[in-house]
Amino acid sequence: MVIERIINNNVISALDEEGKEIVVMGSGIGFGRKKGQHCDESRIDKVFRMEDEAVLGRFKDLLAKLPLEYIQVSNDIISYAKKELGIPLNQNVYITLTDHISFSLERFQNNMNFTNALHSEIRRFYPAEFSVGIHALRLIEEKTGILLPEDEASAIALHLVNAELNLRVRDIWILTEMMGKMMDQIIVSLPVLKAESLEKDWLLSDLKFMVCRVMTLKPLKEKGDPVLLRYLEERCPELVSVVKGIAGLLETEYRYHMTEEEQLYLTVSLKRIKDLYS
């Protein structure tokens, strides 16, 4: 493994056996070393492989200015998240989460703590990611001695959701707000969903990926099944009405046209839940 660039005493850029650039982290791995030398593999803690050269460049720039413990704890959190969530994460998370943790610790040390306006919604809609966020706070405390407030667990959860869905963090905020407004309308007709349940998890998953299609402008096909629509209008007109209300909400507040297929899909999901509790 040949050194390509010394980023700092603890991080280097190197070329692997195939000549591809990688980022290598380890305590003192860059100290006293020079480009072209072989790196001391006994000091390697973590190897980062980035397919996107632009992402790799931004990552190297970020690592150059951060303490080793911040990089290590971010990597530990991401590794734990991959294991617990069982979902591939966009490589950008190494940049966004590491940068966020650094900024959060800096704010805390300067007594500049802010509340997360979507804290309760994030706990509600992304329980698995929020659980990882809570674990992340413990890892950060172990590594830095600083216990960040619980609001930071929800902020970390948002970065993980962003890495799952490949959206910008700002879009995840909008997505979460949209899900909250949709759920408020649904609960009026299905109050059973106020309580935590497997059925609620199903619905939240449906809503999350539906809104993700909204954010990425990739709706389901335009035309729904007219036979299925007539059946639903006859059997559960109140649920059809709820979904039409949600379609109106998305149109009015977010300028998104909910297709017939999406409306049918959501109505069927609600009917499935209603039938379980009938």
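Every value quoted in this text rests on a predicted model; they were computed, and no experiment measured them.

K.L.:
Explain the overall build of the protein chain to me, please; I cannot follow it from the model alone.
P.N.:
On a plain count of helices and strands, the protein chain comes out with 11 helices and four strands. With respect to the three principal axes, the spread of C-alpha positions in the protein chain is 75 × 40 × 30 Å. Burial statistics for the protein chain: of 278 residues in total, 47% are counted as buried. Sequence-distant contacts, at least 24 apart, represent 66% of the contacts inside the protein chain between residues at least 6 apart. Just so you have it, the protein chain exposes about 14200 Å², and 51% of that area is on carbon and sulfur atoms. Counting 35 positive and 43 negative side-chain charges, the protein chain places the averaged centre of each group 1 Å from the other.

K.L.:
Got a minute to help me understand helix 5 (residues 127-144) in this structure?
P.N.:
Side chains that are three or four residues apart share a direction in an α-helix, a result of its 3.6 residues per turn. Helix length check: helix 5, at 18 residues, gives a terminal C-alpha distance of 25 Å against a target of 26 Å (1.5 Å per residue), a fit within 8%. Turning to helix 5, its buried residues number three or more, namely Glu 129, Phe 130, Val 132, Gly 133, His 135, Ala 136, Leu 137, Leu 139 and Ile 140. Positive backbone phi, approximately 80 degrees, marks Gly 145, located one or two places after helix 5.

K.L.:
It is not clear to me how the pattern of salt bridges should be interpreted in this structure. Could you clarify?
P.N.:
A pair can form between side chains of opposite charge whenever their charged atoms are brought close. In this structure the tally under the stated criterion is 13 salt bridges. Close ionic contact of Arg 49 with Asp 16 constitutes a salt bridge, the shortest N to O distance being 2.8 Å. Of the two residues, Arg 49 sits in the loop between strand 4 (46-48) and helix 1 (53-64) while Asp 16 sits in the loop between strand 2 (11-15) and strand 3 (21-25), which places them 33 residues apart along the sequence. A relative accessible area of 45% places Arg 49 in the partly exposed class.

K.L.:
Would you take a moment to explain the sheet that holds strand 4 for this structure?
P.N.:
Across the sheet, which stays open at both edges, the four strands sit in the order 1-2-3-4 with antiparallel pairing between neighbours. If you trace the sheet from one side to the other, it starts and ends with strand 1 (2-8) and strand 4, each paired once. The mean angle between the axes of side-by-side strands here comes to 25 degrees, regardless of whether they run parallel or antiparallel. Across three bridges, strand 3 lies against strand 4 in antiparallel orientation. Considered in strand 4, the bridge of Met 25 is made with Lys 46. Strands strand 2, strand 3 and strand 4 of the sheet are contacted by helix 2 (residues 68-85), whose axis makes an angle of about 110 degrees with strand 3.

So, how was this worked out
Residues numbered from 1 in each chain as written. Predicted model: local features only at pLDDT ≥ 70, side-chain atom pairs only at ≥ 80, totals over all residues. Heavy atoms only, no water. Helix = DSSP H or I, 4+ residues; strand = E, 2+ residues; numbered from the N terminus. Buried < 20%, exposed > 50% of the residue type's maximum accessible area, 1.4 Å probe, protein only. Contact = heavy atoms within 4.5 Å. Areas by Shrake-Rupley, 256 points an atom, 1.4 Å probe, with all protein chains shown as cover. Lys, Arg positive; Asp, Glu negative; His and termini not counted. Charge placed at Lys NZ, Arg CZ, Asp CG, Glu CD. Expected span 1.5 Å × (residues − 1). Salt bridge = Lys/Arg side-chain N within 4 Å of Asp/Glu carboxyl O. Pairing = 2+ DSSP bridges. Axes fitted to C-alpha atoms, helices over the stretch in contact; angles between N-to-C directions.

In short, the description is geometric, and any link to function would need to be established separately.
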